[in-house]
Amino acid sequence: MRWFASLWRWQAAHPRPVDGALAAVVFVAVVWGPSARGDGDHGHGPDIHPQAPVMDGLTLVLFAVAAGALVFRRSHPLAVWGVVLVAGLAVLAHGGDPTGAVVPSLLALYTVGSRAPVTTTVSLTAVTVAAFATALTLAEGQFSDRTLSSLAFIGVAAAVGVAVRSQRAAVEAAEARARQAEATREEEAERRVTDERLRIARELHDVVAHHISVVNVQAGVARHLLESQPEQARNALSLVREASRTVLSEMSTVLGLLRTGEDETPMAPAPGLEGAGTLVESMRRAGLEVAERVEGEPYALPEIANLTAFRVVQESLTNALKHGTGTAELKLEYSPTAVVIEIRNPVRDVVTPSTAGGHGLVGMRERVTSLGGRFTADPQPDGWFTVRAQIPREDRT
């Protein structure tokens, strides 16, 4: 079967030489075939053509034209059909072999059926049948079985061409669907990779930015108080050490997940709003005075929403520590449909979202909106910067 597949590929890549060879075979068959010699019907019922077919120079030329036109059947199927039909009818009018006159039209109609629309094929088949039925009946003096067989073969040739065209279209459609499916799989894989990279980037930013901000602030405090108030400087350095240890632990967990996969890495529970009190206390120890207020009856959020809420509080308080004047207000409102988080803090200078958190604000917005929530972060006319996030109670992802 391998040699057959190679041969099929070769003929598909070289259509003109193949059609040239086919035209030569057709010419030889119609000129020197049994029917052309008058041997086809002896001993089988009445003689339906008592005289042998005419095979003079004009007949040979007509057969050569009909067969030669087949060389161009793939590139010009309709024109070839017309030339072959006219040549065949001329052969019949000149007294040539009826079978030989019909054979080139069979190949021409097959090509039309395999390449032209079905309506065109049906129309040309009807014209061909009508033309040869009339010509054969006149040539033989009656509507014989031979005429009926020729007409049947004409219909079969057209039908086979239509079937081949349909099969070819089905194969092309299946290949197109396969290519589309492969492209869709690749796009989906790229999208998943991009989403995962963004998720990891947000996690690393939220983990590192918060603790490094605490380290930066407390290191400055320790340096300022090292000589005048060494006890407070030591407390500041203790906070630096604690924040450094925490960030190293959390980074180790994230990087371990990247190296080994989620199922092989022991993971601590993801932080959530239940840890907001500990977070606020750590910010107070770092030097940020936080006024906390909770409205409504607290309830549990889905894991992703809970983590998002915690990161919003963490990032917002970190920005307040970095850019504010040392105070912040945190309000958690538990409504029946969503948790509303609002963090406000006065700022030293004019603050824009790009200066108050940079990628942190972008990450918070992406986290909240991906859950179907709402997020705003803007400086207010009273000089306070306000972050407000509404996180749905039900998972809408």
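These numbers were taken from a predicted model, which means no experiment stands behind them.

Engineer: How should I be thinking about the nonpolar core in this particular structure?
Structural biologist: By size, the foremost hydrophobic cluster in this structure holds 39 residues, and its most contacted members are Leu317 and Ile341. Looking at which element gives the most residues to this core, the answer is helix H11 (residues 303-323), with eight residues. Not counting the four nearest positions on each side in its chain, Ile341 is found in contact with Ala309, Val312, Val313, Leu330, Lys331, Leu332, Val387, Arg388, Ala389 and Ile391. Of all hydrophobic cores here, the second largest spans 32 residues; its members include Leu92, Val102, Ala133 and Leu136.

Engineer: Help me understand the packing of helix H2 (residues 15-32) against helix H4 (residues 57-69) in this model?
Structural biologist: Angle between the axes and distance between the axes: these two values describe a pair of packed helices. For the pair H2 and H4, interaxial distance at closest approach is 9 Å and the crossing angle is 150°. With respect to H4, the element H2 is oriented roughly antiparallel. In terms of crossing hand, the pair formed by H2 and H4 is right-handed. Between H2, through Ala23, Val26, Phe27, Val30 and Val31, and H4, the contact on the second element is made entirely by Leu60, Phe63, Ala64 and Ala67. Per-class residue counts for the contact of H2 with H4 are nine nonpolar, no polar and no charged.

Engineer: Honestly, the confidence of the model for the protein in this entry has me stumped. Any pointers?
Structural biologist: It should be kept in mind that the predicted coordinates are not to be read in detail where pLDDT is low. For the protein, per-residue confidence averages 81 on the pLDDT scale, and 83% of positions sit at 70 or higher. Below pLDDT 50 for its whole length, residues 40-50 participates in eight contacts with residues either more than four positions away or in separate chains. With pLDDT under 50 throughout, residues 262-266 is counted as low confidence; its partners more than four residues away or in other chains account for five contacts.

Engineer: Mind showing me how you'd approach the pairing of strand S5 (residues 384-392) here?
Structural biologist: Two faces make up the sheet, and in a regular strand the side chains alternate between them. Note that strand S3 (residues 338-346) and S5 share nine bridges and pair antiparallel. Bridging from a neighbouring strand, Pro346 pairs with Trp384 of S5. With six bridges joining them, strand S4 (residues 374-379) and S5 adopt antiparallel strand pairing. Residue pairing across strands places Phe375 opposite Ala389, the latter belonging to S5. Linkage of S4 to S5, two consecutive antiparallel strands, is achieved through a turn of four residues, within which Gly383 is found at a positive phi near 90°.

Engineer: Where do I start with the environment of Val71 in this structure?
Structural biologist: Tracing the chain through its elements places Val71 in the loop between H4 and helix H5 (77-93). Residue class for Val71 comes out buried when judged on its relative accessible area of 18%. Residues within four places of Val71 in sequence aside, it is in contact with Arg16, Asp19, Gly20 and Ala23.

Each value, and the rule that gives it
Residues numbered from 1 in each chain as written. Predicted model: local features only at pLDDT ≥ 70, side-chain atom pairs only at ≥ 80, totals over all residues. Heavy atoms only, no water. Core = buried A, V, L, I, M, F, W, Y, C linked by side-chain atoms within 4.5 Å. Buried < 20%, exposed > 50% of the residue type's maximum accessible area, 1.4 Å probe, protein only. Helix = DSSP H or I, 4+ residues; strand = E, 2+ residues; numbered from the N terminus. Contact = heavy atoms within 4.5 Å. Axes fitted to C-alpha atoms, helices over the stretch in contact; angles between N-to-C directions. Parallel < 35°, antiparallel > 145°, perpendicular 65-115°, else oblique. Left-handed = near helix turned anticlockwise from the far one by under 90°. Nonpolar A, V, L, I, M, F, W, Y, C, P; charged D, E, K, R; others polar. pLDDT = per-residue confidence, 0-100. Pairing = 2+ DSSP bridges.

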